[in-house]
Amino acid sequence: MSSRVKQLVTVVIPCYNEAGNIDQVVRGFHTSELVKEAFDFDILVVDNNSADGTAEIAGQAGARVIHEPRQGKGYAMRTGFRNIHPNATYVVMLDGDGTYRPDEALRLLEPLHHNFCEVVIGSRLGGKMYDRPMRFGNRGFNWLCVHIVRIFYRANVTDVLSGYYAWKRDIIEELVPHLYASGFALEMEMITKMARMKHDMYSVPISYHKRSFGTGIRAIDSIPILKMFAKNLLWTPRSKTAKAAAKEIVVSN
């Protein structure tokens, strides 16, 4: 029997009124196929003021649940990032609406586990889509975002608006102090700022399934996303985060 120590992964799932989907998402991380691999999963559901019992269902499915009353994915994710398990080596983000497959987390984690890169983004545009989950306009807007980010930020990614990510833990700790987006501009903010911070990012193909209701991004959401793209063209990270500076003081003393 192998004595290999498994690495702990905190999976951050932002949720707003996902009572019909969250149970299968949470339980999907505890299937036998995932458990057999090199990872254990700490499932963290961030309830974004749901009114349909999402938090209770997530807790019954085995998730650790915290609450973020400020509405918006950006607020929920920052709260989740600040509550990563202290022993976690990696961090995964995915939506709680059932559009992403939990078992495909292994596809994102493997390049990190073997030190191929620091950040992996699940690519819907480079993968498989089922039952036309993305409207023509949404797909076109995503392709536009991909191309301008690749050109202006030199980022080697193929899906800028994906909701499925995996990071090495230290990347999240460096990134979080620089995140300010409240809504769907969060993914654009993360991609562009990680590119400016010179983090090693790659995409892997994933499956994408149709939402049980509507589509996540509306036409009006494109405005803050494009504003975020333009704003960060001139952005540069602070030379040191407060945490990094504090570490240097401790070492020097």
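The structure displayed is predicted, hence computed values, not measured ones.

What counts, and at which threshold
- Residues numbered from 1 in each chain as written.
- Predicted model: local features only at pLDDT ≥ 70, side-chain atom pairs only at ≥ 80, totals over all residues.
- Heavy atoms only, no water.
- Helix = DSSP H or I, 4+ residues; strand = E, 2+ residues; numbered from the N terminus.
- Contact = heavy atoms within 4.5 Å.
- Buried < 20%, exposed > 50% of the residue type's maximum accessible area, 1.4 Å probe, protein only.
- Salt bridge = Lys/Arg side-chain N within 4 Å of Asp/Glu carboxyl O.

**Comments concerning the environment of Ala58**
Part 1 of the reasoning: You can see Ala58 is positioned in helix H3 (residues 54–60).
Part 2 of the reasoning: C-alpha of Ala58 to C-alpha of Gly96: the two residues are 38 residues apart in sequence and 9.9 Å apart in space.
Part 3 of the reasoning: Sequence-distant contacts of Ala58, that is, excluding residues within four places in its chain, are made with Ile22, Val45, Ala63 and Val65.

**Looking at unusual backbone geometry**
Part 1 of the reasoning: Of note in this structure, Asn49 is not a glycine but carries a positive phi near 70°.
Part 2 of the reasoning: Despite not being glycine, Asn115 shows a phi value in the positive range, around 60°.
Part 3 of the reasoning: With respect to the helices, strands and loops of the structure, Asn115 is situated in the loop between helix H5 (105–113) and strand E5 (119–129).
Part 4 of the reasoning: For Asn115, a relative accessible area of 58% corresponds to the exposed category.

**Some points on the pattern of salt bridges**
Part 1 of the reasoning: Enumeration according to the criterion identifies 11 salt bridges in this entry.
Part 2 of the reasoning: Between Glu187 and Lys73 there is a salt bridge; the shortest N-O distance is 2.5 Å. Of this pair, Glu187 sits in helix H8 (residues 186–196) while Lys73 is found in helix H4 (residues 73–81), placing the two residues 114 residues apart along the sequence.
Part 3 of the reasoning: Two residues, Arg101 and Asp103, come together in a salt bridge whose shortest N-O distance is 2.6 Å.
Part 4 of the reasoning: Taking the relative accessible area as the measure of exposure, Asp103 reaches 31% and is therefore partly exposed.
Part 5 of the reasoning: Look at the salt bridges and you will find they share partners, linking Arg101, Asp103, Glu104 and Arg107 into a network.

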